[in-house]
Amino acid sequence: MTAELLELSALEAHGAMSARELSAEDYRDAWIEAAAGDELGVYLWRGEDTTAGAVGVERPSVAPIAVKDIFCTEGVPTTAASRILEGYRPPYTATAVRRLIEAGAPILGKTNMDEFAMGSSNENSAYGPVLNPWDRTRVPGGSSGGSAAAVAGGLAPWAIGTDTGGSIRQPASLCGIVGLKPTYGAISRYGMIAFASSLDQCGPLTRDVSDAALLLSILQGRDSCDSTSVGLEQAPRLPDREDLRGLRFAVPVEIRSGAMESGVRAIFEATLKRIEDLGGEIAEAPLPHAEHGISAYYLIAPAEASSNLARYDGVRYGMRVETEGDVVEMYEATRAAGFGDEVKRRIMLGTYALSSGYYEAYYGRAQKVRTKIAADFAGAFEDFDFVVTPTSPTVAFGLGEKTDDPLAMYMNDFFTVPMSLAGIPAISIPAGLAEPDGGGPRLPVGFQIAAPAFAEQHLLDAAYALEQAIGFEARPGEGSDG
Amino acid sequence: MIEREQVLHVAKLARLRLSDAEVEKMAGELSGILEHVDRIGELELDDVPPTSHVVELENVLRPDRPRPSWPREVVLAQAPDPTEGAFRVPSPQAEA
């Protein structure tokens, strides 16, 4: 019985609960039990009693949800996977989480992530890595690695994460699920621990596109606590499009020659063919500045991070290292002990890019490149409905494989960063399984579709039609022989 | 190429204490990243306006009415060293 309940998508469960064919309490309890079996390092905290306290919902009516540990949740440990926030229990709840609770979704737990959302493998967590449910020797991607592995590994029906340069889409791709980064401003950032404020955006990680649409409809909206939140003009409705007739898809000229694994390339080309079979039109379009996305991103995001993370000083919350010296010594000792290597690297990079004498050459130029990238997309959208790319240049890679080479790790974000810089929505859907270049089990490959700002409905409709045609049914544990 | 002295200067600005080994490693890693990033130096960007934010922002205003804030004890409950209704920190000038 329990196993059958866990088979339902969040949307199916929602329908059955609304029709009173399914007890919302039974459904919730089945998921609490499933989450308790976490062997992947997904949960940093689990809400074993989801009827009580700040995360409680007395009468659940929506599927319970896993929440990335970057969302402040009243009375519940919230660390952003950093030592420096050890012991922190926020006195308030993030708007996105509050909206979930108000909609009737119990909070199953808080999920592991790269520290302060800085990373693409979840290996930068101060509380240990997350294992990819498809192959436990490999990473789930990051930074929302815990949320992605929870959904793929049967530890949550759906989850929320955050995406600054690909942190929802890339782990969704590596775990074989759907990940949506909405338009910047679609969902409130209030209570979301800040990494790079001009880029951070909350979004859904789900089994399928319909669940993503349902979750987005709960999360989106203007919020008086975040003056950059504008919401969507209309809450998304469930997608039902069956073909792609009359729609034009742009493939960036520059990426066909770009570095990606051969298996990823094969799935990408096969998916383009499927789009044509559904009546969509494929053509190449220039996005000449997209290849500079990584450079611009790794100046802008660290610069904003160096400023946002200045608040962690051992005074108001989290940990402190006591010293014999003055207050500055205390700050320096606390930050040295509280931050991990990648966070220190980004703070250093950002501080350098903003420092006197380098500001114009680095931060100033990066902001101009951002303008050019946004203009490239605007140009493409004059002739096309969507821009499509692989989500990640590789399938899931091995734990420890890229930890000694920061730049190689950053290249994971090659296809996802340009959309973040332009602020436009993009979705990753599973498109098939492929072997890594070095050989090994077949692993999920994501296909990314990007749309103009606030065109979420159009994006979800097209993604749904393509998802139905692809019919991705593989599950962790049975993928390698299929 | 980032020199050791620059790493120490930036670390001071960022209020980070780095060990000798970290300084060494950071110099190499930052140099590698900046070498890649330097490619944007080749782009013609003179007349391009910078983008700091992608959403067209307008001022959001609300009436300036006083409203209750969090009780002091709720906020202090999260502090590592709350004392007498305040955050206690070491003296700005350490005792000799």
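Everything quoted here is computed from the prediction, not taken from an experiment.

Asks: How would you sum up the overall build of chain A? Please name residues and give values.
Replies: When helices and strands are counted, chain A shows 16 helices and 11 strands. The C-alpha radius of gyration of chain A comes to 21 Å, within 12% of the 23 Å expected for a compact globule of 482 residues. If one aligns the C-alpha atoms of chain A with their principal axes, the spans along those axes are about 70 × 55 × 45 Å. Counting the 482 residues in chain A, one finds 64% classified as buried. Counting only contacts in chain A whose residues sit at least 6 apart along the sequence, the fraction spanning at least 24 positions is 75%.

Asks: Summarise the overall build of chain B; cite the residues concerned and give the values.
Replies: When its secondary structure is counted, chain B shows 3 helices and 2 strands. For a compact globule of 96 residues, the expected C-alpha radius of gyration is about 12 Å, and chain B comes in at 23 Å, more than 25% above that figure. Across its three principal axes, chain B shows a C-alpha extent of roughly 55 × 50 × 20 Å. A buried classification covers 17% of the 96 residues belonging to chain B.

Asks: Describe unusual backbone geometry, with residues and values.
Replies: All names here are of chain A. Omega for the peptide link from Gly-142 to Ser-143 comes to 10°, which places this bond in the cis form. With respect to the element layout, Ser-143 can be found in the loop between β3 (107-111) and α5 (145-152). Notably, Phe-116 is not glycine yet its phi reads approximately 55°, a positive angle. By secondary structure assignment, the location of Phe-116 is in the loop between β3 and α5. Exposure remark for Phe-116: the 31 C-beta atoms within 10 Å place this residue in the buried category. In the Ramachandran plot, Ala-117 falls in the positive-phi region, its phi being about 70° despite a non-glycine side chain. With respect to the secondary-structure elements, Ala-117 resides in the loop between β3 and α5.

Asks: An account of the packing of helix α12 (residues 341-354) of chain A against helix α2 (residues 20-37) of chain B is requested, with residue identities and associated values reported.
Replies: In the contact formed by α12(A) and α2(B), the axes pass within 11 Å of each other and the chain directions differ by 60°. The pairing of α12(A) with α2(B) is recorded here as oblique in orientation. Pair α12(A) / α2(B) crosses with right-handed handedness. Every residue of α2(B) that contacts α12(A) at A:Arg345, A:Met348, A:Leu349 and A:Tyr352 is listed here: B:Met26, B:Glu29, B:Leu30 and B:Ile33. Residues belonging to the contact of α12(A) with α2(B) are distributed by class as follows: 6 nonpolar, no polar and 2 charged.

Asks: Go over the sheet that holds strand β5 (residues 178-181) of chain A, please, and point to the residues and values.
Replies: All names here are of chain A. Spatially, the 11 strands line up as an open sheet ordered β1-β3-β2-β4-β6-β5-β10-β11-β9-β7-β8, and their pairing is mixed. The strands lining the two open edges of the sheet, one partner per strand, are β1 (43-46) and β8 (281-285). Averaged over all adjacent pairs, the angle separating strand axes in this sheet is 30°, with direction ignored. For strand β2 (residues 65-68) and strand β4 (residues 158-163), the ladder comprises 2 bridges, and the chain directions are parallel. The partner of Ala-66 across the bridge, within β4, is Ala-159.

Asks: Describe the nonpolar core, and please don't skip the residues or the numbers.
Replies: Residues and elements named next belong to chain A. Core analysis: the biggest nonpolar cluster contains 174 residues, and Ile-65, Ala-96, Ala-156, Leu-299, Phe-386, Ile-449 and Ala-463 have the highest contact counts within it. Take this core: its biggest share by element is 9 residues, from helix α10 (residues 293-308). Shared between two domains, this core holds at least three residues of each, these being domain 1 (1-287 + 375-482) and domain 2 (296-360). Setting aside its immediate chain neighbours within four residues, Ala-156 contacts Trp-31, Ala-35, Ile-65, Ala-66, Leu-108, Ala-150 and Val-151.

Asks: Could you give me a rundown of the pairing of strand β7 (residues 248-252) of chain A, with the residues and numbers involved?
Replies: All names here are of chain A. With 4 of its 5 residues buried, β7 lies for the most part within the structure. Here β7 runs beside β8; their pairing, made up of 5 bridges, is parallel. Considered in β8, the bridge of Val-251 is made with Glu-284. Strand direction decides the pairing type here: β7 and strand β9 (residues 386-390), joined by 2 bridges, are parallel. Bridging across to β9, Phe-249 finds its partner in Phe-386.

Asks: Would you mind going over the interface of chain B and chain A in detail, with residue names and values included?
Replies: Taken together, the contacts link 42 residues of chain B with 52 residues of chain A. Looking at the side of chain B that touches chain A, the elements with two or more residues in it are α1 (4-13), α2 and α3 (72-76) of chain B. Looking at which element gives the most residues to the side of chain B that touches chain A, the answer is α2(B), with 7 residues. In terms of residue class, the side of chain B that touches chain A is made up of 29 nonpolar, 8 polar and 5 charged.

Asks: I'd love a proper account of α12(A), names of residues and values included.
Replies: Residues and elements named next belong to chain A. The end-to-end C-alpha distance of α12, which contains 14 residues, comes to 20 Å, matching closely the 20 Å that a straight helix rising 1.5 Å per residue would cover. The element α12 is largely enclosed, with a buried count of 12 among its 14 residues. Of all the positions in α12, only Val-343, Lys-344, Arg-345, Arg-346, Ile-347, Met-348, Leu-349, Gly-350, Thr-351, Tyr-352, Ala-353 and Leu-354 are classed as buried.

Asks: Can you explain the domain arrangement of chain A? Please cite residues and give values.
Replies: Residue and element names in this part refer to chain A. When cut into domains, chain A gives domain 1 (1-287 + 375-482) and domain 2 (296-360). Taken over C-alpha atoms, the centre of domain 1 sits 29 Å from the centre of domain 2. Counting residues at the interface gives 26 residues for domain 1, matched by 20 residues for domain 2. Within the residue set of the side of domain 1 that touches domain 2, elements represented by two or more residues are α14 (406-410) and α15 (417-422).

Asks: Run through the packing of α10(A) against α2(B), naming residues and quoting values.
Replies: Two elements in contact, α10(A) and α2(B), have axes whose closest approach is 9 Å; the angle formed by their N-to-C orientations is 130°. In terms of orientation, α10(A) lies oblique with respect to α2(B). Of the residues in α2(B), those in contact with A:Ser295, A:Tyr298 and A:Leu299 of α10(A) are B:Ile33, B:His36 and B:Val37. Here the contact of α10(A) with α2(B) is built from residues that sort into 4 nonpolar, 2 polar and no charged.

Reading the values: rules and limits
- Here the residue index of a chain counts from 1 through its sequence in written order.
- Chain A is the first chain written and ligand 1 is the first ligand written, with later ones labelled in order.
- Whole-chain, interface and lining totals are the exception, using all residues; otherwise, since this is a predicted model, local features are given only for residues with pLDDT of at least 70 and side-chain atom pairs are given and counted only at 80 or more.
- Put simply, DSSP H or I for four residues or longer makes a helix, DSSP E for two residues or longer makes a strand, and each gets a number counted from the N terminus.
- Radius of gyration means the value over C-alpha atoms here, while the globule rule gives 2.2 Å times the residue count to the 0.38 power.
- Buried, partly exposed and exposed are defined by the number of other C-beta atoms within 10 Å of a residue's own C-beta, namely 20 or more, between the two limits, and 12 or fewer respectively, with C-beta atoms placed from the backbone.
- Here contacts are defined at the residue level, using C-beta atoms placed from the backbone and a cut-off of 7 Å between them.
- Lines fitted to C-alpha atoms define the axes here, with helix axes fitted over just the stretch in contact, and angles between the N-to-C directions of these axes take values from 0 to 180 degrees.
- Roughly parallel means an angle under 35 degrees; roughly antiparallel, over 145; roughly perpendicular, 65 to 115; everything else is oblique.
- For any pair of crossing helices, the crossing counts as left-handed if the nearer helix is rotated counterclockwise from the farther one by less than a right angle, and right-handed if it is rotated clockwise.
- Classification convention: Asp, Glu, Lys, Arg as charged; Ala, Val, Leu, Ile, Met, Phe, Trp, Tyr, Cys, Pro as nonpolar; all other residues, Gly among them, as polar.
- Think of it this way: DSSP has to see at least two bridges between two strands before they count as a pair.
- Each nonpolar core reported here comprises buried Ala, Val, Leu, Ile, Met, Phe, Trp, Tyr and Cys residues connected via C-beta atoms within 7 Å.
- Marked domain ranges trace back to an automatic or database domain assignment.
- Expected helix span is taken as 1.5 Å per residue step, with the number of steps being one fewer than the number of residues.

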